[in-house]
Amino acid sequence: MKTLYVSDLDGTLLRSNEATSEYTNNVINSLTERGMIFSYATARSLITAKKVTNGINAKIPLIVYNGAFIIDNVTEDIMIANYFDDSVYEVLDELFTNKIYPIVYAYIEGKEKFSFVPELCTVGMKKFINSRNGDIRTNTVNTTNDLKTGDIFYITCIDEPEKLKPIYDKYKDRFHCVYQTDIYTNEQWLEIMPLAASKSNAIKQLKSLLRCEKLVVFGDGKNDIDMFELADESYAVQNAHEYLKKYATAIISSNDDDGVAKWLEQNYNG
């Protein structure tokens, strides 16, 4: 029976210093060399995901942008893409009407860009953008209308909860929306993606593509619940949200104790 193993990244595969340990890198590289089918699923982009996992050089598929894309770790070719249709323009207009000015991710003339209007950025957005200083995807634009350019696949809003929560409530059933506090900055985020773009749906797509019969997942946050419900076995790291632990097959060691890699090393029999 072919098994697909999928781990969340931040708080799960990554230690608290936002990086995978040398031990985790070695275990994943070694086990995939032996035939283990492994992927990680993250809200991060390919660029930032690869930066924090730069010791993992195995040829594995990566689920990035919360499932908007599945990308080959070695060639960086897009294996599966989930873009918005024209309904995204209604969402953007609703945001602008409510004085919410997002960071919009799109492929523009074949290149991945994240666009924003500098004069309209919140403090939280500025912190995020500054943390991506030098990123080749950076695309400053002059007007909100410029944010509608290209094949859009991801919208990030960083603002006050009282502004973001009503938008989340309005669109949560029509799109894949993630409303949560960032674990590193404590800023309130609202991320809006196509309905097909979710970790759980991307895992379904990947499982079908690779013809795997069984699914084993690892996570730490409430946003991993749908992934846990989909899996045959699900493991929450010790530091996971207590609510997620209710859905877990078992609890494993914490992210800072390399819980995922230790479990894989002890349990993978390929």
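In what follows, the structure referred to is the one given above.
Here's a quick rundown of the structure. (Residues numbered from 1 in each chain as written. Predicted model: local features only at pLDDT ≥ 70, side-chain atom pairs only at ≥ 80, totals over all residues. Heavy atoms only, no water.)

Let's shift gears to helix H2 (residues 22–33). Here H2 is twelve residues long and its end C-alpha atoms lie 16 Å apart, about the 16 Å a rise of 1.5 Å per residue gives. Directly beyond the C-terminal end of H2, a positive phi value near 120° is found at Gly-35. (Helix = DSSP H or I, 4+ residues; strand = E, 2+ residues; numbered from the N terminus. Expected span 1.5 Å × (residues − 1).)

Before going further, it helps to examine the packing of aromatic side chains. For any pair of aromatic rings, the description consists of the separation of the ring centres together with the inter-plane angle of the planes. Here the structure, examined in full by the defined rule, presents 25 aromatic pairs. Plain terms: the ring middles of Tyr-107 and Phe-153 are 5.9 Å apart, the flat faces sit at 40° to each other, and that makes the pair tilted. Pair noted here: Tyr-107 is in strand E6 (residues 103–108) and Phe-153 is in strand E9 (residues 151–158), with a separation of 46 residues, a long-range link. Their ring planes at 25° and their centres at 6.2 Å tell us that Phe-114 and Phe-116 sit as a pair that is stacked. Just as Phe-114 is buried, Phe-116 falls in that class too. (Phe/Tyr/Trp six-rings, centres within 6.5 Å; stacked < 30°, edge-to-face > 60°. Buried < 20%, exposed > 50% of the residue type's maximum accessible area, 1.4 Å probe, protein only.)

Turning our eyes to something else, we now look at the sheet that holds E9. Pairing between the strands of a sheet comes from backbone hydrogen bonds, and it takes one of two forms, parallel or antiparallel. Judged by pairing direction, the sheet is mixed, and its six strands sit side by side in the order E8-E7-E6-E9-E11-E10 without closing on themselves. The strands lining the two open edges of the sheet, one partner per strand, are strand E8 (138–140) and strand E10 (176–181). Averaged over all adjacent pairs, the angle separating strand axes in this sheet is 25°, with direction ignored. Both E6 and E9 contribute to a ladder of five bridges, which runs antiparallel. Its bridge partner being in E9, Tyr-105 is matched across the sheet by Tyr-154. Lying on the sheet, helix H4 (residues 88–97) is in contact with E6, E9 and strand E11 (188–193); it crosses E9 at an angle near 25°. Contacts between helix H5 (residues 123–131) and the sheet are confined to E6, strand E7 (111–116), E9 and E11, with E6 contributing the most and set at about 45° to the helix. (Pairing = 2+ DSSP bridges. Axes fitted to C-alpha atoms, helices over the stretch in contact; angles between N-to-C directions. Contact = heavy atoms within 4.5 Å.)

With 68 residues, the main nonpolar core has Tyr-5, Phe-218 and Leu-264 as its most contacted residues. Ignoring anything within four residues of it in the chain, the contact list for Tyr-5 reads Met-36, Ile-37, Phe-38, Ser-39, Val-216, Phe-218, Trp-263, Leu-264 and Tyr-268. Among the nonpolar cores identified, the runner-up in size contains 23 residues, and Phe-84, Ile-100, Leu-147 and Phe-175 belong to it. (Core = buried A, V, L, I, M, F, W, Y, C linked by side-chain atoms within 4.5 Å.)

Another aspect to go through is the sheet that holds strand E4 (residues 69–72). An order of E5-E4-E3-E2-E1-E12-E13-E14 is seen for the eight strands of this open sheet, with the pairing classed as mixed. Edge positions in the sheet fall to strand E5 (78–81) and strand E14 (250–252), since each has one partner strand and no second. Taken pair by pair, the neighbouring strands of this sheet meet at an average axis angle of 20°, ignoring direction. Here helix H7 (residues 199–210) sits on the sheet in contact with strand E1 (3–8), strand E2 (37–41), strand E3 (61–64), E4, E5 and strand E12 (214–219), set at roughly 155° to E1.

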